[in-house]
Every structure is written in C-alpha cells, then in structure tokens.
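Structural characterization, general
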Amino acid sequence: YPYTPGGWGTSVATALEGNVKLEADPPVPETRFVEASGKPFNTIPPTDASFFEMINANIQEQPASSYNVELAGQLAAIGIIKGKPFAPDERMRKILAEAAAMGNAAGRALNWRVNDVPGWAYYPGSGWSNMLWEGGANFETPPPMVGRDGRFVPLPPTGARTLDSKTAFYYAYTLDSPGMIMRLPKVGSQYLMGFVDADKNYFDGGKTYKVTLPPNIPAAAFWSFTLYDNQTRSMLQTPQRFPRAGSQNYPSPAAEAAADGFTTIWFSPEQPEGVARGNWIQTVPGKGWFTLLRLYSPLESFFTKEWRPSEIELVTK
C-alpha cells in the first residue's frame, strides 16, 4: 500500500524540516497474496509514446520528491508534472514516439556492444565484460582498489556521470549496488556478461556453443550461468524451464567438473551426447540469447585475472 508521509517510515529529522507532520498511520489494508508461479506477464516498457504515459502515471502516484530534481525538470519540460494532466498534442506525441524508439535503440546498442567499449572488458580482447567497472555503482567513479592490508584505496572522483555505462546497465538490468562491483575478495558478487562468441558474433539459439572454466572457480559461495532472451531481457523460456547451470544442485543438477578440474558448460537446443544434465543449458532455434556468469563471494584470483574463463566457442553451426 502507498507510503503516507508523516506515518511509519518518516524519520523525526524529516519532520523537523517542516515539510510533513508526524501522525498516525492509516489502517493497514489486508494483505492480498497473488500466486504468480507459471504465469507469464510483460515486464518490458513500451517503445512508443505510451512509454511517457507510464512515466506520468508513476509521477502522479509517487510523492513529488521521489524523483531527482534534474530528471523531474526534464519531464516537466515535456508536460509531465505532478498534479497536472499530461495531454500532449499530436505533434508532441509523434516526437515522444520517436524519442522512445531512439532511446530503446541506444540502450540496446550500448548493452549488446559492451565488449567494444574501452575499460568494460574483463581483459583486453575478451568478450566477457561489465560496464560497472567504468563508473562503479553510482556511475561516476570506478570502484576503489583494495590494498593488501584490506584498506580501500578510493580513486579520485571524475565529477562526471558515465552516461553510456548507466544507460547500458539499466536497459537490461533492474538495479545495482556497491556489493556488485567491489574489489574485495569474499565480499559481494561479481558479474561477467557475455553477448558474443570467441569470433565476436552474437549467439544463435540454433547452434551449439561451449565455455570452459579452469579449476578453482573463484566463488567462495557459489557460481552460476543464466541465459536471457535478447528481446525480453528476462530468463530464456525453454522446455528445460530453468536456463541455468552452476555449482548449486537446485533447481537443476550441479555442474560436474572433469577429471582435470576443468568445468565445461554447453549451450544448445538439444543436450549434447555424453554431457551431464547439469553442464547443459538449453537454447531456442531462431532466438538470440546472452548470458551472465555470477560469482558470489568472489576470490582474489578473479580480481588479479589469474583465473579466466574461456571465451564462448562455437562448436557446431
């Protein structure tokens, strides 16, 4: 239910500013649980003028101070203002439709070409990348280095927002936090994003690929691959149901390492012969995909790059 200024969650410091009055909460409505398991629903923002109608609905529903004042000013310039009707004329709707389409295209291009941007690749020439290394969780200054004594060594602030990395990240992913980009072993998590194979071609759901992880995978908690649909940016929907492989044995079997300690994960429409179920993620012919390698409680060898996953190799065309 909506937050009520002055009620539960309002700090005394906020009340002392004089903008709200501390008061009792309204009656809490009965909680209604919705069972959504197995039910498809659309989470993709529209790419036409209705995108701005969605933004206006959010502006009207939330407190005026919810939005950054700079962003609120930009929205006000196109007629989206708290407490006022949003009624663009035909000319403005055409402009907004073009803007939404262009914004979608820009976000998609930046996200899918992440390995082309200097400083985003895990190492030079690699298809494994992460745009957060450029500006950190706040998209302004790269995450601090960590000395041998465990102390953070902050990098000097740039004073400028890394707009390309921010646009690329939020186009495909929901949120970020400092714990996702810290350089501190055994703390938080790290993510490697893969959009292209070893030859820098995008993935084809009708082909077979494989990636090899050297021994001693640098994840003290667990590691996993997950496959995502290029169009929806949501998990790839296949008969396999769970498009993942990793060290955990649920919701699908854990991946198995070979006798030499190397772990190979396969991506293909059909399970390759001789490949364990936990080492295979199903793909869909005619549909593109991308993947994230997650390392929870990453170890030092990840940061030093002594440990490196192979590039994702095309096996059969």
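Heads up: these notes are all about the structure in this document. Here the structure is a predicted model, which is why all the values come from computation and not from measurement.

**Digging into the overall build of the chain**
Along the backbone of the chain there are seven helices and twelve strands. Counting only C-alpha atoms and orienting by the principal axes, one finds that the chain spans roughly 65 × 50 × 45 Å. Put simply, the chain has 317 residues, and 37% of those count as buried. Within the chain, contacts between residues separated by at least 24 positions form 64% of all contacts whose residues are at least 6 apart in sequence.

**Some remarks on the environment of Ser234**
Within the secondary structure layout, Ser234 lies in the loop between strand 7 (219–229) and strand 8 (244–246). Expressed as a C-alpha distance, the spacing of Ser234 and Trp8, which sit 226 residues apart in the sequence, is 34 Å. Leaving out residues up to four positions away in the same chain, Ser234 has contacts with Thr43, Tyr228 and Asp229.

**Regarding the nonpolar core**
Of all hydrophobic cores here, the largest spans 48 residues; its most connected members are Tyr173, Trp223, Phe225, Ile265, Phe267 and Leu293. Where this core is concerned, the elements lending two or more residues are helix 4 (90–112), helix 5 (132–135), helix 6 (163–172), strand 4 (189–194), strand 6 (208–213), strand 7, strand 9 (263–268) and strand 11 (288–298). Leave out the neighbours within four places in its chain, and Tyr173 touches Asn111, Met131, Ala168, Met193, Phe195, Phe290 and Leu292.

**Overview of helix 4**
Because the α-helix completes a turn every 3.6 residues, residues three or four places apart line up on one side. With 23 residues, helix 4 ought to run about 33 Å at 1.5 Å a step, and its terminal C-alpha atoms sit 33 Å apart, in line with that. Restricting attention to buried positions, one finds in helix 4 the residues Leu96, Ala100, Gly107, Leu110, Asn111 and Trp112. Where helix 4 is buried, its residues touch helix 2 (50–61), helix 6 and strand 11.

**Section: a nonpolar patch on the surface**
The grouping of Val12, Leu16 and Leu22 at the surface amounts to a nonpolar patch, some 330 Å² of accessible area in total. As for its placement among the helices and strands, Leu16 is situated in helix 1 (residues 12–16). By relative accessible area, which is 72% here, Leu16 ends up exposed.

**Some words on the packing of aromatic side chains**
Where two aromatic rings form a pair, the distance of their centres and the angle of their planes describe that pair. Evaluated as defined, the whole model comprises 23 aromatic pairs. Plain terms: the ring middles of Tyr122 and Phe302 are 4.9 Å apart, the flat faces sit at 20° to each other, and that makes the pair stacked. Of this pair, Tyr122 sits in the loop between helix 4 and strand 1 (128–129) while Phe302 sits in helix 7 (residues 300–304), and the two are 180 residues apart along the sequence. Side by side, Tyr122 and Phe302 carry an identical accessibility label, which is buried.

**Re empty space enclosed by the protein**
On inspection of all chains with the given rule, the structure shows one cavity of 30 Å³ or more. Its volume calculated, the largest cavity comes out at about 30 Å³. Surrounding the largest cavity, Gly127, Trp128, Gly194, Phe195, Val196, Glu311 and Ile312 form its lining. For the lining of the largest cavity, the per-class residue count stands at four nonpolar, two polar and one charged.

Calculation criteria
- Residues numbered from 1 in each chain as written.
- Predicted model: local features only at pLDDT ≥ 70, side-chain atom pairs only at ≥ 80, totals over all residues.
- Heavy atoms only, no water.
- Helix = DSSP H or I, 4+ residues; strand = E, 2+ residues; numbered from the N terminus.
- Buried < 20%, exposed > 50% of the residue type's maximum accessible area, 1.4 Å probe, protein only.
- Contact = heavy atoms within 4.5 Å.
- Core = buried A, V, L, I, M, F, W, Y, C linked by side-chain atoms within 4.5 Å.
- Expected span 1.5 Å × (residues − 1).
- Patch = residues over 30% accessible without salt bridge, like charges linked within 9 Å, V, L, I, M, F, W, Y side chains within 5 Å.
- Areas by Shrake-Rupley, 256 points an atom, 1.4 Å probe, with all protein chains shown as cover.
- Salt bridge = Lys/Arg side-chain N within 4 Å of Asp/Glu carboxyl O.
- Phe/Tyr/Trp six-rings, centres within 6.5 Å; stacked < 30°, edge-to-face > 60°.
- 1 Å grid on protein atoms, 1.4 Å probe; cavity = no way out; pocket = protein on both sides within 12 Å on 5 of 7 lines; lining within 4 Å.
- Points joined across faces, edges and corners; volume = space filled by probe spheres on them.
- Nonpolar A, V, L, I, M, F, W, Y, C, P; charged D, E, K, R; others polar.

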